[in-house]
Amino acid sequence: MKKVLATLLIAAMAAIPLFAAAGCSDDSGRIRLCEVTHSVFYAPLYVAINNGYFEDRGLTVELENAGGTDKVTAALVSGSSDIGLMGPEGVIYSDTMSDNIKVFGQLTKRDGSFLVSKKDEADTFEWTDLKGKRVLAGRVGGVPAMTMQYIMNGYGLYDGVDGTVIDTSVAFNMMASVFESDDTVDYTTLFEPTATEYQNSGRGYIVASVGAESGEVPYTAFCARTSFIEEERDTAKNFLAAVKEGYNFIKNNDAATVAKSLVASFDGMTEESLAIAVESYLEIDAWCSTPVMTEESLEALEKIMTNAGELDHEVEFDVIVDNSIAEEVQRENG
């Protein structure tokens, strides 16, 4: 993962002059937001967009789906995106830059994927059932893969031992199709709404929540270059305040009502399916009630990364996280 990210960052750095004048400096209120994937897992963001909470604050959000934290990081480095929604591991991997990327607000506080089996075993499933099975865990170096590895290792299950395969060779956006087409795959992890879609169509069965098993961790956060956080502070603050309002809407309404505010962001998904997905994430307490990241949660992420062999040094919290804007938003909108 670190080698892949390094290659992308070198290319991104070369492109920086092309985008030096881009951003919100023209006071247009335009925010180019690059998301790691498109999922109901990020519901507070989409509610804020569809309910007009950004517009109320003079902001326009332009979404781009990068399909991976490494690509979001590269977009931030190049200046082609203002804000990235991604795993904090991308910030850790790139913490040697002069204009380094920082987390300025947290969105989710646990893994948002669900373990999907080809067998209907939800009532009987135990994590030890993964022994001797092939599990699509996610892209190597990404938090989904590292979290699955952390859980499985905790149950004494290791890649290549007793026939167990923790497969990190499949690209994130290909996991569902490989799971369906490859008879050698027994389990995969899928985010909503894909997990519910597969279950509703009989192509797979949700047997467990990865996030409920792994515990709290700063899974996805809003990140930006230090220069953006400093020069566009009001923009960043209004952005977080709008997302916070989106979260409050979810907490104060039932899933069916929330689904009505999400359907515009998910072509082909019914309100009923979206409501099920919302309920799934509410049940595991996936969303942060505050955008402020804690040192304890980052330490939990470090343990997962260290277990996966992707982190070999201590991470200084203040180098990775700038909570100043999030703390203001929480005080004013808590």
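First, a word on scope: everything that follows refers to the structure included in this document.

What counts, and where the lines are drawn
Residues numbered from 1 in each chain as written. Predicted model: local features only at pLDDT ≥ 70, side-chain atom pairs only at ≥ 80, totals over all residues. Heavy atoms only, no water. Helix = DSSP H or I, 4+ residues; strand = E, 2+ residues; numbered from the N terminus. Rg over C-alpha atoms; globule rule 2.2 N^0.38 Å. Buried < 20%, exposed > 50% of the residue type's maximum accessible area, 1.4 Å probe, protein only. Contact = heavy atoms within 4.5 Å. Core = buried A, V, L, I, M, F, W, Y, C linked by side-chain atoms within 4.5 Å. Patch = residues over 30% accessible without salt bridge, like charges linked within 9 Å, V, L, I, M, F, W, Y side chains within 5 Å. Areas by Shrake-Rupley, 256 points an atom, 1.4 Å probe, with all protein chains shown as cover. Salt bridge = Lys/Arg side-chain N within 4 Å of Asp/Glu carboxyl O. Lys, Arg positive; Asp, Glu negative; His and termini not counted. Charge placed at Lys NZ, Arg CZ, Asp CG, Glu CD. 1 Å grid on protein atoms, 1.4 Å probe; cavity = no way out; pocket = protein on both sides within 12 Å on 5 of 7 lines; lining within 4 Å. Points joined across faces, edges and corners; volume = space filled by probe spheres on them. Nonpolar A, V, L, I, M, F, W, Y, C, P; charged D, E, K, R; others polar. Pairing = 2+ DSSP bridges. Axes fitted to C-alpha atoms, helices over the stretch in contact; angles between N-to-C directions. Polar contact = N/O pair within 3.5 Å; in protein donor to acceptor, adjacent residues only side chain to side chain.

### Concerning the overall build of the protein
Per the secondary structure count, the protein includes 16 helices and ten strands. A compact globule built from 334 residues should have a C-alpha radius of gyration of about 20 Å, and the protein, at 19 Å, falls within 12% of that. With the principal axes as the frame, the protein shows a C-alpha extent of 55 × 45 × 35 Å. For the protein, with 334 residues in total, the buried portion stands at 56%.

### Some remarks on the environment of Ser-39
Mapped onto the elements of the fold, Ser-39 is located in the loop between strand 1 (30–35) and helix 2 (43–50). With 226 residues separating them along the chain, Ser-39 and Ser-265 place their C-alpha atoms 9.4 Å apart. Contacts of Ser-39, omitting those with residues within four sequence positions, involve Tyr-46, Phe-191, Glu-192, Pro-193, Phe-266 and Tyr-281.

### Digging into the nonpolar core
Of all hydrophobic cores here, the largest spans 92 residues; its most connected members are Val-40, Phe-54, Phe-104, Phe-222, Phe-239, Leu-262 and Tyr-281. For this core, the element with the highest residue contribution is helix 11 (residues 233–251), accounting for nine residues. Ile-151, Met-152, Leu-157 and Ala-208 belong to the second largest nonpolar core, which has 16 residues in total.

### Observations regarding a negative patch on the surface
Taken together, the side chains of Glu-295, Glu-296, Glu-299, Glu-314, Glu-316 and Asp-318 make up a negatively charged region of the molecular surface. With three residues, helix 14 (residues 295–307) is the single largest residue contributor to the negative patch. Counting through the fold element by element, Glu-295 comes out in helix 14. In this structure Glu-295 comes out as partly exposed when scored by relative accessible area, which is 44%.

### A word on the layout of surface pockets
Taken as a whole, the second largest pocket spans an internal volume of roughly 270 Å³. What lines the second largest pocket is a set of 16 residues, among which Thr-37, His-38, Phe-172, Phe-191 and Thr-194 lie closest to the centre. Among the elements that line the lining of the second largest pocket, the one with the most residues is strand 8 (residues 187–191), at three residues. Here the lining of the second largest pocket is built from residues that sort into seven nonpolar, seven polar and two charged.

### Here's the deal with the sheet that holds strand 8
Taking strand neighbours across the sheet as the criterion, the five strands line up as 7-6-8-5-9 in an open arrangement whose pairing is mixed. The open sheet has two edge strands, strand 7 (165–167) and strand 9 (205–209), and neither has a second partner. The sheet shows a mean angle of 30 degrees between the axes of neighbouring strands, taken without regard to direction. In terms of strand pairing, strand 5 (residues 113–117) meets strand 9 through four bridges, oriented antiparallel.

### So, the pattern of salt bridges
Scanning the model with the defined rule gives twelve salt bridges in all. Note that Arg-134 is salt-bridged to Asp-182, the shortest N-O span being 3.0 Å. Highlighted residues: Arg-134 in strand 6 (residues 134–136) and Asp-182 in the loop between helix 7 (175–181) and strand 8, separated in sequence by 48 residues.

### A closer look at the side chain of Glu-121
In this structure, Glu-121 sits in the loop between strand 5 and strand 6. Lys-119 provides the closest opposite charge to the buried, unpaired Glu-121, separated from it by 4.6 Å. A polar atom in the side chain of Glu-121 sits 2.7 Å from the side chain of Tyr-187.

### Considerations on the pairing of strand 5
For strand 5, the buried fraction is high: five of the five residues fall into the buried class. Residues of strand 5 alternate between two faces, with Ser-113, Leu-115 and Ser-117 on one and Phe-114 and Val-116 on the opposite face, all of them buried. As defined by bridge partners, strand 5 adjoins strand 8 across five bridges and the pair is classed as antiparallel. By the bridge assignment for strand 8, Ser-113 is matched with Phe-191.

### Points about unusual backbone geometry
At the junction of Glu-192 and Pro-193, the peptide bond is cis and its omega measures out at 15 degrees in the coordinates. Positive phi, close to 55 degrees, is recorded for Asp-162, a residue that is not glycine. Classification of Asp-162 as exposed rests on a relative accessible area of 54%. Backbone geometry places Asp-285, a non-glycine residue, at a positive phi of 55 degrees. Within the secondary structure, Asp-285 sits in the loop between helix 13 (271–283) and helix 14.

### Re the sheet that holds strand 10 (residues 220–225)
The sheet built from five strands is open, its strands ordered 2-1-3-10-4 with mixed pairing. Edge strands, defined here as strands with exactly one partner in the open sheet, are strand 2 (60–65) and strand 4 (101–108). Averaged over all neighbouring strand pairs, the angle between strand axes comes to 25 degrees, with direction disregarded. The pairing of strand 1 with strand 2 spans six bridges and is classified as parallel. Considered in strand 2, the bridge of Arg-30 is made with Thr-60.

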